[in-house]
Amino acid sequence: VGAVLLVLVAACSRPPAPHPPVAVAASTVTTPAPVDPERVLAFTLARSLSDQVGPRLAGSPGDARAVAWALREMKRLGLTDVHAEPVAVPVWERGAESCEIVEPAARRLVATALGWSVPTPPEGITAEVIEVASLEEGARLTRDVAGGKIVFYNIPMAPFRDGRDYGRVVPVRSKGPVLAEKAGALAVLVRSVGTDHARRAHTGSMGRDSAKIPTAAISVPDAESLHRLLVAGPVRVRLSLETRTRPDAESANVVGEVRGTRDPGRLVLAGAHLDAWDLGTGSVDDGAGVGLVLAAAHAFTRSPPARTVRVVLFAAEENSGAGGKAYVKAHEPELGRHVAAIEMDAGTGRVYEARVRGGAGAAGAFAALRGPLAALGVEIGTEPAGGGADTGLLRAAGVPAIDLRQDATAYFDVHHTVDDLPEALDPAGLDQATRALEAVLGFAAREEVDLGRLPLDAAAK
Ligand SMILES: [Zn+2]
């Protein structure tokens, strides 16, 4: 019995299996040693943010707890000049929600409102459903077809290591409702923008300026059964959402530094977003990124580089991007002293590629990282870095961008769902990603490294 129990305990406490290693030349990679999750700082930090703070949509009580958590942890980890910079954030709340098929046979659907959706009337909206398979088809909807109906967008998403299908499918959240509203629809259901086949709905912002008709995502299995029913005949659905928009609230970007030794006025920015959707605990999105940038910065406290490493935990990435905008506004006079910015917001997987985007000499300078990164199984990509959502205005102001591309094959299984929980974190992936982040930050924080400047983007001002 004892042996069986031991095996059970071991099975339960074992971390999730890491994704398969990236295929690179065998001679450059040593097999990674097994990782003790409790010794992976990025993992224990992401878990702590999940457990002690949990859901933290901008302007919610959880968001305020997250700011307090970040200030406390930065100080505990030995960062200096730790402070909160106020950010006014718009506030949207989910409230109760339900969705069910009423004809041909009653059954519940797993559904969740998209961020910024307006509510339904208290009695809900009950209407016939029509299905469209693309935004192009949505653009051809007419009042004869869609007027008084619920429009159902059924666009599947496939998993890829680089997560590229997200960019293809995600416009359905913002544009889909606008097209349906134009054609006189009463409400919109979208197949979840996710790669799993579990019964969970993926939320996400439809944008504050999107349509003013109630919009919800339904789980992939529910989307597939709705599709089968619609092939067979008419289907009526009832949708009830009690969403609310509140006046703006105060949140904060939380900032801390490892001060440079010889050239502290120049700085490398490492960012992640502190807010998270309300359904799960924001463990992979973006607790993982928060853990990564804090863990990498902590590593530099023992032996600070020449330039300053500044960690910024941005407010309100999910609901508005208000944190990224506020940072650039507050730091405008010193944007010229930002030598590079990197944002971690792609979950818990191993890093497989690093990219840079800077001035003419950036790619050449970046090649110096080839050896250290190869030892971690990371290649240097030939495409320019795309950068993150919160650092877009930094790029527009000329700050070079560095990307560490993480394996996102499993990322969109739990992204923006009730299952974005600590169980979805991969300690081995976070351990490797921390090392890759330390390598690129340490490189950019060297006194002699010059990644140049990006052309100023006047349109972004
Ligand atoms: Zn995110």
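Up top is the structure.
Just so we're clear, the structure is a prediction, and the values are computed from it rather than from any experiment.

The rules behind these values
- Residues numbered from 1 in each chain as written.
- Predicted model: local features only at pLDDT ≥ 70, side-chain atom pairs only at ≥ 80, totals over all residues.
- Heavy atoms only, no water.
- Donors = N, O, S within 2.8 Å, 3.2 Å for Na, K, Ca; no water.
- Tetrahedral: all angles 85-135°; square planar, octahedral: opposite > 155°, others 65-115°.
- Helix = DSSP H or I, 4+ residues; strand = E, 2+ residues; numbered from the N terminus.
- Buried < 20%, exposed > 50% of the residue type's maximum accessible area, 1.4 Å probe, protein only.
- Phe/Tyr/Trp six-rings, centres within 6.5 Å; stacked < 30°, edge-to-face > 60°.
- Lys NZ or Arg CZ within 6 Å of the ring centre and 35° of its normal.
- Core = buried A, V, L, I, M, F, W, Y, C linked by side-chain atoms within 4.5 Å.
- Pairing = 2+ DSSP bridges.
- Contact = heavy atoms within 4.5 Å.
- Axes fitted to C-alpha atoms, helices over the stretch in contact; angles between N-to-C directions.
- Expected span 1.5 Å × (residues − 1).
- Arc of directions from axis to C-beta.

**Student:** Would you mind showing me how to read the coordination of the zinc ion here?
**Tutor:** Ideal values differ by geometry: the angle at a metal is 109.5 degrees with four tetrahedral donors, but 90 or 180 degrees with six octahedral donors. Donor atoms from the polypeptide that coordinate the zinc ion comprise His273 (NE2), Asp285 (OD), Asp345 (OD) and Asp345 (OD), at 1.9 to 2.6 Å from the metal. One can describe the site at the zinc ion as irregular: its 4 donor atoms subtend angles covering 53 to 149° at the metal. Ordering the donors of the zinc ion by residue number gives the pattern H-x11-D-x59-D. Residue Asp285 is located in helix 9 (residues 283-301), and its partner Asp345 is located in the loop between strand 13 (338-343) and strand 14 (351-357); the two are separated by 60 residues in the primary sequence. You can call Asp285 buried: its relative accessible area is 3%.

**Student:** What is the right way to look at the packing of aromatic side chains in this model?
**Tutor:** When we look at a pair of aromatic rings, we describe it by the centre distance and by the angle of the planes. Using the criterion set out here, one finds 5 aromatic pairs in the structure. For the pair Phe366 and Phe443, a centre-to-centre distance of 5.8 Å together with 75° between the ring planes defines the contact as edge-to-face. Pair noted here: Phe366 is in helix 11 (residues 362-366) and Phe443 is in helix 15 (residues 427-444), with a separation of 77 residues, a long-range link. Phe443 shares its class with Phe366; the two are buried. With a centroid separation of 4.8 Å and 70° between ring planes, the pair formed by Tyr411 and Phe412 is classed as edge-to-face. With respect to class, Tyr411 is no different from Phe412; both count as buried. Here a set of aromatic residues connected by ring pairs shows up, and it is made of Tyr166, Tyr411 and Phe412. One Lys or Arg, Arg164, reaches over the ring of Phe160 and ends 3.6 Å from the middle of that ring.

**Student:** Is there a simple way to explain the nonpolar core in this structure?
**Tutor:** As a rule of thumb, nonpolar side chains are buried together in soluble globular proteins. In terms of nonpolar packing, the biggest core is built from 117 residues, with Val151, Tyr153, Leu189, Val237, Leu313 and Leu437 touching the most fellow members. It is helix 9 that provides the largest number of residues to this core, a total of 10 residues. With 10 residues, the next largest nonpolar core counts Val255, Val312, Tyr327 and Ala341 among its residues.

**Student:** How do you make sense of the sheet that holds strand 7 (residues 187-191) when you look at a structure like this?
**Tutor:** The sheet built from 8 strands is open, its strands ordered 3-2-9-5-6-7-8-4 with mixed pairing. Of all the strands in the sheet, just strand 3 (107-108) and strand 4 (111-113) have a single pairing partner and so form its edges. As paired elements, strand 5 (residues 125-132) and strand 6 (residues 150-153) share 4 bridges and run parallel to each other. Residue pairing in the sheet places Ile130 in a bridge with Val151 of strand 6. Here helix 7 (residues 171-182) sits on the sheet and contacts strand 6, strand 7 and strand 8 (215-218); the angle it forms with strand 6, its principal contact strand, is near 145°.

**Student:** Whenever I open this one, helix 3 (residues 61-76) confuses me. Can you help?
**Tutor:** Since the α-helix packs 3.6 residues into each turn, any two residues three or four apart lie on the same face. Across its 16 residues, helix 3 extends 23 Å between first and last C-alpha, which sits within 8% of the 22 Å expected from 1.5 Å per residue. Within helix 3, the full set of buried residues consists of Gly62, Asp63, Ala66, Val67, Trp69, Ala70, Glu73 and Met74. Down the axis of helix 3, the buried set is contained in an arc of 165°. They therefore lie on one face. Turned more than 90 degrees away from the buried face of helix 3, the exposed residues are Pro61, Ala64, Lys75 and Arg76. Those residues of helix 3 that are buried lie in contact with helix 2 (41-52), strand 1 (80-93), strand 10 (244-258), helix 9 and strand 12 (307-314). Following helix 3 by one or two positions, Gly78 adopts a phi angle in the positive range, close to 90°.

**Student:** Explain unusual backbone geometry here, please?
**Tutor:** Phi is mostly negative for residues that are not glycine, and the peptide bonds are mostly trans. Residues Glu103 and Pro104 are joined by a peptide bond in cis, for which omega reads 10°. The topology assignment puts Pro104 in the loop between strand 2 (97-103) and strand 3. A cis geometry characterises the amide bond from Asp285 onward to Asp286, with omega recorded as 5°. Structurally, the position occupied by Asp286 is in helix 9.

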